[in-house]
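What follows is each chain in one-letter form.
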Amino acid sequence: MCQEINKECDCGKERVSFHLRDNIMSQEVLDRLFCPACSPTVVFTEERMIEDNGWVIEYDMELARSYAIAKLGLEPDQVHPSFVFDSGFATWREMYPGETRDIADERARIIATKEENPQAYLTAINAWAVQRIARLKAEGWRKAQNA
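Residues numbered from 1 in each chain as written. Predicted model: local features only at pLDDT ≥ 70, side-chain atom pairs only at ≥ 80, totals over all residues. Heavy atoms only, no water.

**So, the pairing of strand β2 (residues 15-20)**
As paired elements, strand β1 (residues 3-8) and β2 share six bridges and run antiparallel to each other. Following the sheet pairing, Asn-6 is matched in β2 by Ser-17. In textbook terms, the turn of a hairpin is the stretch between consecutive antiparallel strands, and for β1 and β2 this stretch comprises six residues, one of which, Gly-12, has a positive phi near 85°. Inspection of the sheet shows β2 paired to strand β6 (residues 91-92) by two bridges, in the antiparallel sense. In the strand pairing of β6, His-19 is matched with Thr-91. (Pairing = 2+ DSSP bridges. Helix = DSSP H or I, 4+ residues; strand = E, 2+ residues; numbered from the N terminus.)

Rendered as structure tokens:
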């Protein structure tokens, strides 16, 4: 079972959904969030933070390590911010913040063709998904890199 939580960025302009894989970590692991508007003011600390296209997530790494040691049997030096994010233990719910909102119209147009031509729909939706992931990879989104 996974948990979804919402977190507001430091400046209060953005609210983002996070996914906590297998309930290994708690929402308290997500210490602070900085959107592209407020992240330029942050002193980036590699030991506690990851950056993803202008977004910065700061983790409580002491808490993350204690969960990883207790629940996953990992050594403390194996647990770092990129491990927490890239392994899905505390990561975006979507490929990037706001993805669901951004793709709604595109997706709806393709789905509208489903009844009139199911084969064309399947071809279009698959091509769209592949092209979208390729675009997100080119843009440098972390989750897309592993897709």
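**Description of the environment of Thr-113**
Tracing the backbone shows Thr-113 in the loop between α3 (99-111) and α4 (118-139). Looking at Thr-113, its side chain comes within polar contact range of the main-chain oxygen of Ile-110, at 2.6 Å. (Polar contact = N/O pair within 3.5 Å; in protein donor to acceptor, adjacent residues only side chain to side chain.)

**Examining the side chain of Thr-91**
Following the sequence through the fold, Thr-91 ends up in strand β6. Side-chain polar atoms of Thr-91 contact the backbone oxygen of Phe-85, separated by 3.4 Å. Those residues in contact with Thr-91 that sit more than four places away from it in its chain are Ser-17, Phe-18, His-19, Phe-85 and Lys-143. (Contact = heavy atoms within 4.5 Å.)

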